[in-house]
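Structural characterization, general
These are the residues of each chain, in order.
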Amino acid sequence: MSEKLAILGGEPVRKKPFPPYPVIGKEEIDAVNEVLKSGNLSSFAASAGPKFLGGRKIREFEENFAKYHSLEYAIAVNSATAGLHVALAASGIGPGDEVIVPPYTFTATATSVLMHNAIPVFADVDPRTYCIDPERIEEAINPSTKAIIPVHLLGHPAEMDAIMKLANEHDLTVIEDCAQAPGAKYKGKLVGTIGDAGVFSFQETKNMMTGEGGMIITKDEELAERCRMIRNHGEAIIEGKKRSYISNIVGWNYRMTEMEAAIGNEQLKKLDRFNEIRIKNSKFLTKNLSKIEGFNVPYEAPSILHVYHVYGMIYEEEKTGIPRKAIVEALNAEGIPFGTGYPHPLYENPVFKEKIAYGDHGCPFTCQFYKGNVRYESGLCSVAESLCYKKALWFFGARPPAAQIDMQDVVDAFIKIEENIDVLRELK
Ligand SMILES: Cc1ncc(COP(=O)(O)O)c(C=O)c1O
């Protein structure tokens, strides 16, 4: 006789929480203290950094991040949302332009497009990788299309060869949203180095973090220069000339602080090790959960390195006869924090569905330069809908400092649920 499920009053498999995240070491603390003692907390001001390019830690972090990616240019910003906006603005995307994005991602992938008065067009995702499906991109391309933002979702790289082929054929800009995948590789290349620009997030749940923060990387010198200007009010900083107060490009204040950059330098040194732990823990789960009926372990496409920002499983209610909600409740009761991921595809958000972003005149959808008629109705992307409403099961806990002993609890909880599957079915 198997043990009684915790949801029915039995002993939970795990009684203590998973180890806290993020992992902050002495190195990060010392680096922040050094900045505080220096008194230079931002250093974008005229008196501090050269040419308003940020203080010592910012420039160090940018240099280190660029070097890690074997690229020349990295521009630190205060979030990936800011980074996406800057990259779109610097690429010349504007009113009337369409940008193809997946609907199964965090809001900012699509709202950053609205932020620059362009129109996000949703192309469905691949049911195995959860990343944008190149065939769906191809169907969405039209004369208004100017860019694609593939997202390397949950740490799995998008299908970049096919995406770059389409971009080259149609002269489109590609901005990789790498928020969830620093260190992931597609056919040996680090994500962010394949498209025109790559944008990273260092918000505190990410694989490396600075509290809040982001980075844009590119091999294009001019694009990098425009990004630097847009990050800092659009003020022209031209080599050998005095600062001009005449802005020749619209910019914002998207500057990172020295404290964040100091943390980023230390976290970057640890990124590969952090990712190795995620991979090791995730592979342990995959090895031990792959035979459990009704639960599909994460797919890995050939020739990629998945960095498991999230351990994303597929649940098949048809096989167990139990709704996903009941499974999640049973796992949570056992002390295992699984969730169901994004609640709905992005086009279900009122900002898209009602096509009102700015004011009450329908801007930017009614902009005179917009010649298309973008659709945001339910049913648009069936794969994303089935992931959101039925199939996705997400686990954030494979991250460091969690170890195999913690993953064993996850496995034990799944086995317990499998042994009690008939009991659980009766409960629904
Ligand atoms: C795929 C994706 N893009 C963009 C962002 C935005 O990142 P940030 O919070 O740094 O603005 C996130 C954050 O969760 C994300 O997951």
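A few points on the structure. (Residues numbered from 1 in each chain as written. Predicted model: local features only at pLDDT ≥ 70, side-chain atom pairs only at ≥ 80, totals over all residues. Heavy atoms only, no water.)

Our focus in this paragraph is the site of the ligand. Lining the immediate surroundings of the ligand are 15 residues, of which Ala-80, Thr-81, Asp-177, Ser-201 and Lys-206 lie closest. For the ligand, an oxygen atom lies 2.7 Å from a polar atom in the side chain of Ser-201. The protein chains hide 91% of the 390 Å² of surface that the ligand would expose on its own. Listing elements by their share of the shell around the ligand, those giving two or more residues are α3 (80-90) and α4 (108-115). Taken together, the residues of the shell around the ligand sort by class into five nonpolar, eight polar and two charged. (Near = heavy atom within 4 Å. Polar contact = N/O pair within 3.5 Å; in protein donor to acceptor, adjacent residues only side chain to side chain. Areas by Shrake-Rupley, 256 points an atom, 1.4 Å probe, with all protein chains shown as cover. Helix = DSSP H or I, 4+ residues; strand = E, 2+ residues; numbered from the N terminus. Nonpolar A, V, L, I, M, F, W, Y, C, P; charged D, E, K, R; others polar.)

Counting residues in hydrophobic clusters, the biggest one holds 77 residues, and the most contacted among them are Val-99, Tyr-104, Phe-122 and Ile-137. Ranked by the residues each element gives to this core, the list is headed by α3, at eight residues. Within the second largest apolar cluster, 32 residues are counted, among which are Leu-285, Tyr-311, Met-313 and Phe-395. (Core = buried A, V, L, I, M, F, W, Y, C linked by side-chain atoms within 4.5 Å. Buried < 20%, exposed > 50% of the residue type's maximum accessible area, 1.4 Å probe, protein only.)

Moving on to the pattern of salt bridges. Taken as a whole and assessed by the stated rule, the structure comprises 29 salt bridges. The partner of Arg-136 in a salt bridge is Glu-135, and the shortest N-O contact between them spans 3.9 Å. Taking relative accessible area as the criterion, Arg-136 reaches 29% and is therefore assigned partly exposed. Of the charged contacts, one joins Lys-391 and Glu-318 as a salt bridge, the two residues approaching to 3.7 Å between their closest N and O atoms. Taken as a pair, Lys-391 in helix α12 (residues 382-391) and Glu-318 in helix α9 (residues 317-320) lie far apart in primary sequence, 73 residues in all. The class of Glu-318 is exposed, set by a relative accessible area of 61%. In this structure, a network of salt bridges that share partners links the residues Glu-34, Arg-56, Lys-57 and Glu-60. (Salt bridge = Lys/Arg side-chain N within 4 Å of Asp/Glu carboxyl O.)

Attention shifts here to the sheet that holds strand β6 (residues 185-186). The antiparallel open sheet is built from three strands, whose spatial order is β7-β6-β11. Across the chains shown, the open sheet's two edge strands, defined by having one partner strand only, are β7 (189-190) and β11 (304-305). Relative to β11, β6 runs antiparallel, the two sharing two bridges. For Lys-185, the partnering residue across the bridge sits in β11 and is Leu-305. (Pairing = 2+ DSSP bridges.)

Another point: the side chain of Arg-278. As for its placement among the helices and strands, Arg-278 is situated in helix α8 (residues 258-289). The charged side chain of Arg-278 is buried without a salt bridge, its nearest counter-charge being Asp-272 at 11 Å. Within the structure, the side chain of Arg-278 is placed 3.2 Å from the backbone oxygen of His-309, a separation counted as a polar contact. Setting aside chain neighbours within four positions, we find Arg-278 in contact with Tyr-21, Thr-205, Lys-206, Asn-207, Val-307, Tyr-308, His-309, Ala-398, Arg-399 and Pro-400. (Lys, Arg positive; Asp, Glu negative; His and termini not counted. Contact = heavy atoms within 4.5 Å.)

Inspection of the secondary structure assignment puts Asp-406 in helix α13 (residues 404-419). Accessibility expressed as a relative area gives 8% for Asp-406, which makes it buried. Here the side chain of Asp-406 touches Arg-14 through a polar contact of 3.0 Å, side chain to side chain. In contact with Asp-406, not counting residues within four places along its chain, are Arg-14, Phe-18 and Pro-19.

What follows covers the pairing of strand β8 (residues 197-201). Counted residue by residue, β8 has five buried out of five residues, so it is predominantly covered. Side-chain alternation along β8 places Ala-197, Val-199 and Ser-201 on one buried face and Gly-198 and Phe-200 on a second face that is also buried. In terms of strand pairing, strand β5 (residues 173-177) meets β8 through three bridges, oriented parallel. Each bridged residue has a counterpart across the sheet, and for Ile-175 the counterpart in β8 is Ala-197.

This next bit is on α13. Helix length check: α13, at 16 residues, gives a terminal C-alpha distance of 22 Å against a target of 22 Å (1.5 Å per residue), a fit within 8%. Turning to α13, its buried residues are Asp-406, Met-407, Asp-409, Val-410, Val-411, Ala-413, Phe-414, Lys-416 and Ile-417. (Expected span 1.5 Å × (residues − 1).)

The next thing to look at is a nonpolar patch on the surface. Together, Ile-7, Leu-8, Val-423 and Leu-427 make up an exposed nonpolar region whose accessible area comes to about 290 Å². Checked against the element boundaries, Leu-427 lands in helix α14 (residues 421-427). We classify Leu-427 as partly exposed; its relative accessible area is 46%. (Patch = residues over 30% accessible without salt bridge, like charges linked within 9 Å, V, L, I, M, F, W, Y side chains within 5 Å.)

Closest axis-to-axis distance for the helix α1 (residues 26-38)/α8 pair is 8 Å, and the angle between their directions is 155°. Regarding the angle of α1 to α8, the classification is roughly antiparallel. By crossing handedness, the relation of α1 to α8 is classed as right-handed. Taking contact as the criterion, the partners of Glu-27, Glu-28, Ala-31, Val-32, Val-35 and Leu-36 in α1 are, on α8, Glu-258, Met-259, Ala-262, Ile-263, Glu-266, Gln-267 and Lys-270. (Axes fitted to C-alpha atoms, helices over the stretch in contact; angles between N-to-C directions. Parallel < 35°, antiparallel > 145°, perpendicular 65-115°, else oblique. Left-handed = near helix turned anticlockwise from the far one by under 90°.)

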